[in-house]
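Each chain, written out:
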Amino acid sequence: MRRSAKLLSIASLILVAGCRHLPNQSHDSRCRQGITSINISSEAIILGGVSFGTVGQYKKLVGTAHGQVSPHASFNRNVVDLDEAPRNACGMVEYDVDLYIIRPVDPTKRSKTVLYEVLNRGRKLLLGNYYLGRQEPWLNEFPNAADAGDGFLMRRGYTLVWSGWQGDINNAPPNAPDVMGARYPVATNPDGGTITGTVRQEWVFTATTPRFTVPIGWDRGQVSTPPKPVPEHMANAVLLSRQDVDGPDTVIPRDQWSFGICTNGTTITPSDTDVCFPSGFQSNLIYNLVYTGQNPIVHGLSFISIRDVVSFLRLDNTSANPLSIPGVDKAVEAVIGVGFSQSGRVLRDGLNQGFFDRNQFDGLIVSHAAANLTYINQRFSQPGRFSAMIEGHAYPSDQFPFSYARQTDPYTGQTAGILDKCLDGHDNKCPKIFHIDGANEWWRGRASLNHTDPLGMHDIEIPRNVRMYSIAGVQHTPKMVNPVCAGTTNPLTWHEISRALLTDLEAWVKSGAEPPPSVWPSIDDTVAPATSNPESFLGTFSFPTIPGAPVFNGDYNHLYRNDQSVQPPVHIHANRYGVRVPKVDADGNEIAGIHSPLLRVPKGTHTGWTLRKPAFIGNRLCQLHGEYYPFPATAADRIASGDPRLSFVERYGTVATRQQLAAKAAAQLVAGGYLLEEDAARLVMAAGQ
């Protein structure tokens, strides 16, 4: 079903964040802050027209949301360069973002709960993360019945919403229409002149074949649209390489590379968006390009666009709102914000910087975001960059504060918590929050800092509106394969636990039902790598030596304060934060956290970490991945291989016995609210295979 594009005007609506009026504004309705129009360009029945129980069919609405904000409003003033952006006749800064909505065809069948997912690099992850039966990690279009998997979200009648927010995302063909983007203005000097400044790009490669040309916005193969270099300063740009994340930089002589395209390493075509290196970029080095860039995008509008889109969809009752229902005063009863990985960091930082509160989100699911924030609201920022062991290690996305609770940075003296802005004195406007991390986030994202002081010496109290859940033994995305990694991919899933927690949060938000208690490793459940010698904690960690597995070397993503005044940044070695990692049992499986029934009675060792192969900066953490090594089948196999772990037969005797034990474990999780009955049955069946 399609209809012609139509412009939905919002002429008389006062749309401000949290319904706050702007100071000193004209009564002209065209000069109101917020979403000024929504253009729905297409509608269509999705998922092959399949009907989901009593909810029925679903359709999509695709279009664009247009907004404007005042640089003078107090709740916008911390947007970097907003006052340097061009303004319209009302003195407002305009923007527009892509919009995508999925909702039941019959509006009376909606649950009135909206799930707003923050896009991950322009992509939708929501269905892939909450549906079972799908192989792809993300879905961007939904034409077939099979795209719904088991239809979990549809069966519950949710309305799903996405809006573009990343201003430098490359959503031009061939990426479009799968990737959603945003159009934000470029900041200029007060006289209209071009703003310039230092920009750094970091490149790491995942193929051993040398690459001769790299787009400036290269990031593990993903390409953004970064600031272009200033032509008259291109000769002064610097290209550096290093052999390790903390190793010394080697300057590559300027006559050995150029701005240009040389696919074969010889013929060079000048370009201001690419770098040519005839010697070939190597997979065992980290490269940094430092240059003078121009025309910074006002990326802080990312937070504002999310804020204003959500505020509009939940508050407007007119036909201008594609979620409104004729004759119903309150078509939306609750909005739950969902963010996975980068998207979860956006939710954390939006709270931290005061853009999100209960006026937008009744609840938030911050999933696999660890203790990081974002690199968004800064001049020449790069929203896709984040701090991991190799990739993006020194980008400013892991800054204090780390926790939701208020505490003091021992090195700067700053006192802050992520919830400071929404607490706002005596008026608590904080949403209810589920913070969910897996095993990988402890090693890669320093998840321990969510629950300890910055030095990692003491547990801190979890705020009353926050629950924290650590899912043991899982990598960032289950079954995701990376040829750079030395270990065997970890297949253990966290989706089943996340599905139960979503229903728990919805009940907490809508009826006040107390959610399951936090399950998070305490100081006693973790190990602190020594500050001066990380390898010295190997004896305490006691990871088994498994035949065929990479030899564990104690690597983890350490954290210092960095001096960002130099590029590339350097560690301030006297300012090291106390990162901790979970303890493991004799099999190498984590002791604390929520254990899937398949981990309660394991068939092998599941980790949230693995190492890189020698050709790819070897023996360092391999980004988002973990390992899986099955137990020996029998005692004879164990003895023959020299495996220190008990065999499957020695543990369980038979598959049927293991399945019975898994059933007991699943029942306990269901009783605690950490697993749904339908998913418990599925996991118990898997335990018998």
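Here we look at the pairing of strand E4 (residues 93-104)
(1) Moving on: Burial of E4 is extensive: eleven of the twelve residues sit out of reach of the surface.
(2) Moving on: In this structure, strand E3 (residues 58-69) lies alongside E4, joined through twelve bridges in antiparallel fashion. Among the inter-strand pairings, threonine 64 is bridged to a residue of E4, identified as aspartate 98.
(3) Moving on: In this sheet, strand E7 (residues 182-183) lies alongside E4 in antiparallel orientation, the contact comprising two bridges. Across the sheet, valine 97 pairs through a bridge with alanine 182, a residue of E7.

As for the packing of helix H12 (residues 655-672) against helix H13 (residues 677-687)
(1) Moving on: Two numbers describe how H12 lies on H13: the axes approach to 8 Å, and their chain directions differ by 160 degrees. Here H13 runs roughly antiparallel to H12, going by the angle between their axes. Classified by chirality, the crossing of H13 by H12 is right-handed. Here Val655, Arg658, Gln659, Ala662, Ala663, Ala666 and Val670 of H12 come into contact with H13, specifically with Glu677, Ala680, Val684, Met685 and Ala687.
(2) Moving on: Its residues assigned to classes, the contact of H12 with H13 shows nine nonpolar, one polar and two charged.

Notes on the sheet that holds strand E9 (residues 211-215)
(1) Moving on: Read across the sheet, three strands follow the order E9-E15-E14 without closing on themselves; strand pairing throughout is antiparallel. The two strands at the open ends of the sheet, each matched to only one other strand, are E9 and strand E14 (258-261). The mean inter-strand angle of the sheet, taken between neighbouring strand axes irrespective of direction, is 55 degrees.

Looking at the side chain of arginine 103
(1) Moving on: Along the chain, arginine 103 turns up in strand E4.
(2) Moving on: No salt bridge is formed by the buried arginine 103. Its closest oppositely charged neighbour is glutamate 43, at 5.4 Å.
(3) Moving on: Not counting residues within four places of it along the chain, the set of residues in contact with arginine 103 comprises Tyr58, Lys59, Leu61, Arg110, Thr159, Pro322 and Leu323.

Quick word on the nonpolar core
(1) Moving on: Core analysis: the biggest nonpolar cluster contains 167 residues, and Leu153, Met154, Leu160, Trp162, Trp203 and Leu289 have the highest contact counts within it.
(2) Moving on: Not counting residues within four places of it along the chain, the set of residues in contact with methionine 154 comprises Ile46, Leu47, Phe52, Val55, Tyr58, Ile102, Tyr131 and Leu160.

As for helix H4 (residues 342-352)
(1) Moving on: Buried residues dominate H4, accounting for eleven of its eleven residues.
(2) Moving on: If you check which residues of H4 are buried, you get Gln342, Ser343, Gly344, Arg345, Val346, Leu347, Arg348, Asp349, Gly350, Leu351 and Asn352.
(3) Moving on: Buried positions along H4 lie against helix H3 (301-315), strand E17 (334-340), strand E18 (363-367), helix H5 (420-423) and strand E21 (432-438).
(4) Moving on: Downstream of H4 by one or two residues, glycine 354 has phi in the positive range, about 85 degrees.

Remarks on the state of the cysteines
(1) Moving on: Under the counting rule described, the total for this entry stands at four disulfides.
(2) Moving on: Across the disulfide, cysteine 31 is cross-linked to cysteine 90 (sulfur-sulfur distance 1.9 Å). The disulfide joining cysteine 31 to cysteine 90 has a torsion of about -60 degrees about its S-S bond and is therefore left-handed. Taken together, the positions of cysteine 31 in the loop between strand E1 (6-9) and strand E2 (34-45) and cysteine 90 in the loop between E3 and E4 put the pair 59 residues apart, joining distant regions of the chain.
(3) Moving on: Shown here is the disulfide that connects cysteine 485 with cysteine 622, its sulfur atoms set 2.1 Å apart. Between cysteine 485 and cysteine 622, the S-S dihedral sits near -85 degrees, and the bridge is therefore left-handed. Of the two residues, cysteine 485 sits in the loop between strand E22 (466-471) and helix H7 (495-511) while cysteine 622 sits in the loop between strand E27 (604-606) and strand E28 (628-630), which places them 137 residues apart along the sequence. Each member of the pair cysteine 485 and cysteine 622 is classed as buried.

Thoughts on the layout of surface pockets
It is the rolling of a water-molecule-sized probe over the atoms that shows where space remains empty.
(1) Moving on: In this structure, the second largest pocket encloses a volume near 550 Å³.
(2) Moving on: Taken together, 26 residues form the lining of the second largest pocket, with Arg123, Arg220, Gln222, Met480 and Leu624 sitting closest to its centre.
(3) Moving on: Its residues assigned to classes, the lining of the second largest pocket shows ten nonpolar, ten polar and six charged.

A closer look at the environment of arginine 307
(1) Moving on: By secondary structure assignment, the location of arginine 307 is in helix H3.
(2) Moving on: A distance of 3.1 Å separates polar atoms of two side chains, one belonging to arginine 307 and the other to asparagine 76.
(3) Moving on: One polar contact links arginine 307 to aspartate 308, side chain to side chain, over a distance of 2.9 Å.

Notes on the pattern of salt bridges
(1) Moving on: Applying the stated rule across the entire model yields 32 salt bridges.
(2) Moving on: Across the pair arginine 406 and aspartate 420 runs a salt bridge whose closest N-O atoms are separated by 2.3 Å. Placement of arginine 406 in the loop between E18 and strand E19 (407-408) and of aspartate 420 in helix H5 is noted, with a sequence separation of 14 residues between them.
(3) Moving on: Overall, the relative accessible area of 53% leaves arginine 406 in the exposed class.
(4) Moving on: Judged by its relative accessible area of 23%, aspartate 420 falls in the partly exposed class.
(5) Moving on: A salt bridge links glutamate 678 to arginine 499; the shortest N-O distance between them is 3.4 Å. Here the residue glutamate 678 occupies a position in helix H13, and arginine 499 occupies one in helix H7, the gap between them amounting to 179 residues.
(6) Moving on: Residue glutamate 678 is classed as partly exposed on the basis of its relative accessible area of 33%.
(7) Moving on: A relative accessible area of 0% means that arginine 499 is categorised as buried.

A few points about the side chain of glutamate 506
(1) Moving on: Take glutamate 506: it is sitting in helix H7.
(2) Moving on: Look at glutamate 506 and you get buried, because its relative accessible area is 10%.
(3) Moving on: For glutamate 506, the side chain forms a polar contact with the side chain of threonine 113, separated by 2.8 Å.
(4) Moving on: Discounting residues that sit within four places of it in the chain, glutamate 506 has contacts with Ser111, Thr113, Arg156, Tyr158, Ile336 and Ser511.

Let's talk about H7
(1) Moving on: The terminal C-alpha atoms of H7 lie 24 Å apart, and with 17 residues this matches the ideal 24 Å at 1.5 Å per residue to within 8%.
(2) Moving on: Along H7, 14 of the 17 residues are buried, which leaves the element largely enclosed by surrounding structure.
(3) Moving on: Positive phi shows up at glycine 512, right after H7, with a value of about 80 degrees.

Things to note about the packing of aromatic side chains
(1) Moving on: Applying the stated criterion across every chain yields a total of 34 aromatic pairs.
(2) Moving on: With centroids separated by 5.9 Å and ring planes inclined at 70 degrees, the aromatic side chains of phenylalanine 205 and tyrosine 287 adopt a geometry described as edge-to-face. In this pair, phenylalanine 205 sits in the loop between strand E8 (196-203) and E9 while tyrosine 287 sits in strand E16 (residues 286-294), placing the two residues 82 residues apart along the sequence. For the pair shown, phenylalanine 205 and tyrosine 287 are each scored as buried.
(3) Moving on: Their ring planes at 65 degrees and their centres at 5.4 Å tell us that tryptophan 257 and phenylalanine 259 sit as a pair that is edge-to-face.

Quick look at unusual backbone geometry
Peptide bonds are mostly trans, and most non-glycine residues show a negative phi.
(1) Moving on: Along the chain, phenylalanine 400 connects to proline 401 via a cis peptide bond; the corresponding omega equals 5 degrees.
(2) Moving on: Of note, the bond from glutamine 567 into proline 568 is cis; its omega dihedral lies within 30 degrees of zero at -5 degrees.
(3) Moving on: Take proline 568: it is sitting in the loop between strand E24 (560-563) and strand E25 (570-576).
(4) Moving on: Of note, the phi angle at arginine 220 is positive, near 55 degrees, even though the residue is not glycine.
(5) Moving on: The backbone phi angle of phenylalanine 380 is positive, close to 60 degrees, even though this residue is not glycine.
(6) Moving on: Mapped onto the secondary structure, phenylalanine 380 falls in the loop between E18 and E19.
(7) Moving on: Using a relative accessible area of 5% as the deciding quantity, one classes phenylalanine 380 as buried.

Parameters at a glance
Residues numbered from 1 in each chain as written. Predicted model: local features only at pLDDT ≥ 70, side-chain atom pairs only at ≥ 80, totals over all residues. Heavy atoms only, no water. Buried < 20%, exposed > 50% of the residue type's maximum accessible area, 1.4 Å probe, protein only. Helix = DSSP H or I, 4+ residues; strand = E, 2+ residues; numbered from the N terminus. Pairing = 2+ DSSP bridges. Axes fitted to C-alpha atoms, helices over the stretch in contact; angles between N-to-C directions. Parallel < 35°, antiparallel > 145°, perpendicular 65-115°, else oblique. Left-handed = near helix turned anticlockwise from the far one by under 90°. Contact = heavy atoms within 4.5 Å. Nonpolar A, V, L, I, M, F, W, Y, C, P; charged D, E, K, R; others polar. Lys, Arg positive; Asp, Glu negative; His and termini not counted. Salt bridge = Lys/Arg side-chain N within 4 Å of Asp/Glu carboxyl O. Core = buried A, V, L, I, M, F, W, Y, C linked by side-chain atoms within 4.5 Å. Disulfide = S-S within 2.5 Å. 1 Å grid on protein atoms, 1.4 Å probe; cavity = no way out; pocket = protein on both sides within 12 Å on 5 of 7 lines; lining within 4 Å. Points joined across faces, edges and corners; volume = space filled by probe spheres on them. Polar contact = N/O pair within 3.5 Å; in protein donor to acceptor, adjacent residues only side chain to side chain. Expected span 1.5 Å × (residues − 1). Phe/Tyr/Trp six-rings, centres within 6.5 Å; stacked < 30°, edge-to-face > 60°.

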